[in-house]
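Results of the structural survey
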Amino acid sequence: MECKNYKICPLKLGAEVFDINLQNDPPPNVIEEIKSDVHKFRLLVFRDQGLISGPRQVEISKWFGELDSTFYRHPKSPDPDVFRVSNDEKEGCTNVGRTGWHIDGSFQPAPFAYSIYHIIETPKKGDTVFAPLNELILQLTEEKRSRWEMLWMVSDRRSNRIHPLIYSHPVTGLKTLCFHLGMTESFAWNYGSENQRFTDWKETSEILQEIHEEFVKDGGSLQYSHHWLPGDFIISDNLAVGHEASPETQFSPNKVGLRVMHRTTVKGTTPPQKNRG
């Protein structure tokens, strides 16, 4: 598929982008085209970008809004807004993304609008796995969809932030999920109504497992496993795709090679909410 300003090739989820150099700012109309395509494809994989510096990644990320940096800064992070992750604790924060399927920033008043990833050291193995949230919702049984519509997640961080599990994406209007399978204190049924009820840990665990099973059923048919190549730079619509780091991301550097990734996140501006009326 050809675009006016760069070449774009659809993937199972998202699209590869070629013939654009992110080291330099493109014209404003091209930046607007990229913003539009992020929501259209949900995941843009810019190939062959070489090594983008931390400060430059921050500059690119600011095309999309104010940055929101909430995590520990590793001593080797090149910028306060860059979250540096690795399979070697001397090189970056370890075990990141390994607690279950999630979106980033579910504990915030509004989850992060975009997550931007750049591979710095590329291992032989160490995929990041993504899944489209709207398609997952559409594939639910009618009974399960009705149940999930009554659920709110209660985060185990930031004063137990409460968000609806299913809500409408603030830009596209498509149904999506606010969730983190590894950072959920409990769920609330019918939150804010006279029938409101919070789950105990047994019921919470059962719901978390139920959500997990939707991501992995049919052999993970919804999943797109991104095998990182040197120079890859990903811009994701964080509200539209769930993701999880594969087990190989934490394999020893002696086994798969050193893995280092830089992540930046853009502050969300619209708290998840149910449509009323």
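An account of the accompanying structure is given in this report.

Reading the values: the criteria
Residues numbered from 1 in each chain as written. Predicted model: local features only at pLDDT ≥ 70, side-chain atom pairs only at ≥ 80, totals over all residues. Heavy atoms only, no water. Helix = DSSP H or I, 4+ residues; strand = E, 2+ residues; numbered from the N terminus. Rg over C-alpha atoms; globule rule 2.2 N^0.38 Å. Buried < 20%, exposed > 50% of the residue type's maximum accessible area, 1.4 Å probe, protein only. Contact = heavy atoms within 4.5 Å. Lys, Arg positive; Asp, Glu negative; His and termini not counted. Charge placed at Lys NZ, Arg CZ, Asp CG, Glu CD. Salt bridge = Lys/Arg side-chain N within 4 Å of Asp/Glu carboxyl O. Polar contact = N/O pair within 3.5 Å; in protein donor to acceptor, adjacent residues only side chain to side chain. Expected span 1.5 Å × (residues − 1). Bend = angle between axes of the 7 residues up to and from the residue.

What follows covers the overall build of the protein. When its secondary structure is counted, the protein shows six helices and 16 strands. For a compact globule of 277 residues, the expected C-alpha radius of gyration is about 19 Å, and the protein comes in at 19 Å, within 12% of that figure. A principal-axis box enclosing the C-alpha atoms of the protein has dimensions of 55 × 45 × 35 Å. Of all 277 residues assigned to the protein, the portion counted as buried reaches 55%. Within the protein, counting contacts between residues at least 6 apart in sequence, those at least 24 apart form 77% of the total. A gap of 1 Å separates the mean positions of the 32 positive and 37 negative side-chain charges of the protein.

Scanning the model with the defined rule gives 18 salt bridges in all. Lys76 is paired through a salt bridge with Glu91; the nearest N and O atoms lie 2.9 Å apart. Linking Lys76 in the loop between helix H2 (54-61) and strand S4 (83-86) with Glu91 in the loop between S4 and strand S5 (114-121), this pair joins segments that are 15 residues apart in sequence. Among the residues examined, Lys76 registers a relative accessible area of 43% and is labelled partly exposed. Under the relative-accessibility criterion, Glu91 is labelled buried at 17%. With its nearest N and O atoms 3.3 Å apart, the salt bridge here joins Arg157 to Asp156. Connected through shared salt-bridge partners, Glu16, Arg47 and Asp232 make up one network.

As a further point, take H2. A large share of H2 lies buried, amounting to six of its eight residues. Taken as a whole, H2 has its buried residues at Gly54, Arg56, Gln57, Val58, Ile60 and Ser61. Looking at the buried positions of H2, the neighbouring elements they touch are S5, strand S14 (233-237) and strand S16 (260-266). Among the residues of H2, the N-terminal cap falls to Ser53, whose side-chain oxygen and the backbone nitrogen of Arg56 are separated by 3.1 Å.

Given 3.6 residues per turn, any residue in an α-helix points the same way as the ones three and four places further on. Between the first and last C-alpha of helix H5 (residues 201-220) there are 27 Å, a value that for 20 residues agrees with the 28 Å anticipated at 1.5 Å per step. Where H5 bends most, the angle comes to about 40°, and this point is Glu213. Those residues of H5 lying buried are Glu203, Thr204, Ile207, Leu208, Glu210, Ile211, Glu214, Phe215 and Gly220. Structurally, H5 contributes buried residues whose contacts are with strand S6 (128-132), helix H3 (133-138), helix H4 (142-148), strand S7 (151-155), strand S11 (184-189) and strand S12 (197-198). Residue Asp200 occupies the N-cap position of H5, its side-chain oxygen lying 3.3 Å from the main-chain nitrogen of Lys202.

Spatial relationships are all this shows, so hold off on functional conclusions.
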